[in-house]
Amino acid sequence: MFSSESYRLPAEWEPQSAVQLTWPHSQTDWAPMLDDICDTYREMRRIIERYEPVIVVGAPDGEPAEATFRCPTNDTWARDHAFLTLVPTAKRMGDSSAETRAPLLLDFRFNGWGEKFAADLDNAINRRLYEAGVVRGEYVDSLDFVLEGGSIESDGRGTIFTTTPCLLAPHRNQPLTKEQIEAELKRRLCARRIVWIDHGQLVGDDTDGHIDTLVRIAPDDTLLYVGCDDTEDEQYEELRLMEEELRQLRTLEGQPYRLLKLPMPRPIFERGEKSEERGERLPATYANFLIVNGAVLVPTYAQPDLDAEACRIIGKAFPGRDIVGLDCRTIIRQHGSLHCCTMQYPAKLSIKH
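These numbers come from a predicted model, not from an experiment.

Enquirer: Before we go on, may I ask you to explain the sheet that holds strand β6 (residues 104–109) in this structure?
Expert: On the basis of which strands lie adjacent, the open sheet formed by four strands has the order β1-β5-β6-β8 and mixed pairing. If you trace the sheet from one side to the other, it starts and ends with β1 (7–8) and β8 (138–146), each paired once. Where strand β5 (residues 84–88) meets β6, three bridges bridge the pair, whose relative direction is antiparallel. When the sheet's bridge partners are listed, L86 is paired in β6 with L104. Sheet strands touched by helix α6 (residues 178–189): β5, β6 and β8. Its angle to β8, the strand with the most contacts, is close to 175 degrees.

This is the structure we're talking about:
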């Protein structure tokens, strides 16, 4: 069995070989807005390809014509159905075996965020990609454990952040206890410790509180997190309690984290059946940004003042990188955002372009 001495889950700002997108099609929930979401995906792809290659998983006979790989899919949330990749790390000074050991492609079970939605086709994408040679590493069958990429954040040095409401939600890994789930995360992700966040779930979030909607790790022990200053906002108290949790956290070295507070977008609501009707609130968040080689793509929501402020703060956490906004108003209509649509692969992983 691999261990934390030989493998680790890299931080997302480390060098990458490619980003995966799983393309929308007419048999998904995107059907009523298919043209709009495909336009958004084309723009997303165009921006990412300025910095690194893109793997496009496309449905048979669907868009786009230039898909990298075609297979049946249920939906588009690559963050939660794609591989999680561990990279080799030297056990000690002078250990050269890390250069020859293959990255580990961990294929966890995706079950539609606790059996809320069909996921059988999406859950088979990884094996198909691997068998076709699109991604090349050592395949690790982890299908006995439910884990979504959006539910964890890694600092690349052995600390994994996650949220209690998500990992303990129904139909994930019951009857395992919190202690047992933590032990599994440490073992499977080669982690030294798991940091649990107990508060902060956004209204309208189907995932039961993914960490990538709330708190993101950046270099130099920096945490970017969603805040709320409006005491009348229904999310205010949960986000205040989350902020207090973050203030109490310490690094493995015993130091406080550098905290950077992201603004909360003004409420965005689903469209009602009639123009004057307003549906439920959508979980818009600036924390759902995507880090690529040399840039950070930031979700925007046609709120120029807050969009600019979010980009400015994220730029402080990632100096030297381009900060590029992408309009995510269409993506948020299906209760996700930019990071949810994507999965990065580390530079040590061989990719067939």
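Enquirer: What is the right way to read the pattern of salt bridges from this model?
Expert: Enumeration according to the criterion identifies 28 salt bridges in this entry. Two residues, R45 and E49, come together in a salt bridge whose shortest N-O distance is 3.2 Å. Residue E49 is classed as partly exposed on the basis of its relative accessible area, which comes to 41%. A salt bridge links R312 to E309, with the shortest nitrogen-to-oxygen separation between them at 2.8 Å. With a gap of three residues between them, R312 and E309 both fall in helix α8 (residues 304–317), about one helical turn apart. Residues joined by salt bridges that share partners form a network here, namely E12, R79, E153 and R216.

Enquirer: Can you help me understand the sheet that holds strand β20 (residues 342–346) in this one?
Expert: Across a sheet, strands are paired by hydrogen bonds formed along the backbone, either parallel or antiparallel in direction. Taken together, four strands build an open sheet; the order of strands is β4-β3-β2-β20 and the sheet is mixed. Every other strand in the sheet has two partners, leaving β4 (69–70) and β20 as the edge strands with one partner each. Strands in contact with helix α1 (residues 34–48) are β2 (16–22), β3 (54–58) and β20; relative to β2, the strand with the most contacts, it is inclined by about 175 degrees.

Enquirer: Quick question: what am I supposed to make of helix α7 (residues 236–248) here?
Expert: For an α-helix, 3.6 residues make a turn, and residues three or four places apart therefore share a direction. Look at α7: 19 Å from first C-alpha to last across 13 residues, which is about the 18 Å you get at 1.5 Å a residue. Taken residue by residue, α7 has L239, M242, E243, E245 and L246 as its buried positions. The buried side chains of α7 occupy one side of the element, clustering within an arc of 155 degrees when seen end-on.

Enquirer: Honestly, the pairing of β20 in this entry has me stumped. Any pointers?
Expert: Put simply, side chains in a regular strand alternate between the two faces of the sheet. Of all the five residues making up β20, five are buried; the element is thus mostly covered by neighbouring parts of the structure. Residues T342, Q344 and P346 line one face of β20 and the alternating positions M343 and Y345 line the opposite face, and both faces are buried. As judged from the five bridges shared by β2 and β20, these two strands associate in the antiparallel manner. Paired with Q20 across the two strands is M343, which belongs to β20.

Enquirer: Looking at this structure, how should I read the environment of S26?
Expert: Along the chain, S26 falls in the loop between β2 and α1. In this structure the C-alpha to C-alpha distance between S26 and R281, which are 255 residues apart in sequence, comes to 25 Å. If we ignore the near neighbours within four places in the chain, the residues touching S26 are A31 and L34. A polar atom in the side chain of S26 sits 3.4 Å from the side chain of Q27.

Enquirer: Could you clarify how one ought to interpret the side chain of N74 in this entry?
Expert: Looking at where N74 falls in the secondary structure, it is placed in the loop between β4 and α2 (78–81). Among the polar contacts listed, one links the side chain of N74 to the backbone nitrogen of D120, at a separation of 3.2 Å. Polar side-chain contacts of N74 include one of 2.7 Å to the backbone nitrogen of L121. With sequence-adjacent residues up to four places away left out, N74 is seen in contact with T28, A118, A119, D120, L121 and D122.

Enquirer: Where do I start with the packing of aromatic side chains in this structure?
Expert: Any aromatic ring pair is given by two values, namely how distant the centres are and how the planes are angled relative to each other. One pass over the full model with this rule turns up 10 aromatic pairs. Here a set of aromatic residues connected by ring pairs shows up, and it is made of F83, Y130 and Y139. One cation-aromatic arrangement involves R101 over Y7; the distance from NZ or CZ to the ring centre is 5.3 Å. R216 extends its terminal NZ or CZ atom over the ring of F289, reaching a point 4.3 Å from the ring centre.

Enquirer: In this structure, what is going on with the nonpolar core? I would like to understand it.
Expert: Across soluble globular proteins, nonpolar side chains have a tendency to be buried as a group. Of all hydrophobic cores here, the largest spans 73 residues; its most connected members are M44, F161, L224 and F318. No other element matches α1, which puts seven residues into this core. Ignoring anything within four residues of it in the chain, the contact list for F318 reads W13, I217, A218, P219, L224, F289, I291 and V296. Counting residues in hydrophobic clusters, the runner-up holds 38 residues, among them L9, F108, V140 and L167.

What counts and what doesn't
Residues numbered from 1 in each chain as written. Predicted model: local features only at pLDDT ≥ 70, side-chain atom pairs only at ≥ 80, totals over all residues. Heavy atoms only, no water. Pairing = 2+ DSSP bridges. Helix = DSSP H or I, 4+ residues; strand = E, 2+ residues; numbered from the N terminus. Contact = heavy atoms within 4.5 Å. Axes fitted to C-alpha atoms, helices over the stretch in contact; angles between N-to-C directions. Salt bridge = Lys/Arg side-chain N within 4 Å of Asp/Glu carboxyl O. Buried < 20%, exposed > 50% of the residue type's maximum accessible area, 1.4 Å probe, protein only. Expected span 1.5 Å × (residues − 1). Arc of directions from axis to C-beta. Polar contact = N/O pair within 3.5 Å; in protein donor to acceptor, adjacent residues only side chain to side chain. Phe/Tyr/Trp six-rings, centres within 6.5 Å; stacked < 30°, edge-to-face > 60°. Lys NZ or Arg CZ within 6 Å of the ring centre and 35° of its normal. Core = buried A, V, L, I, M, F, W, Y, C linked by side-chain atoms within 4.5 Å.

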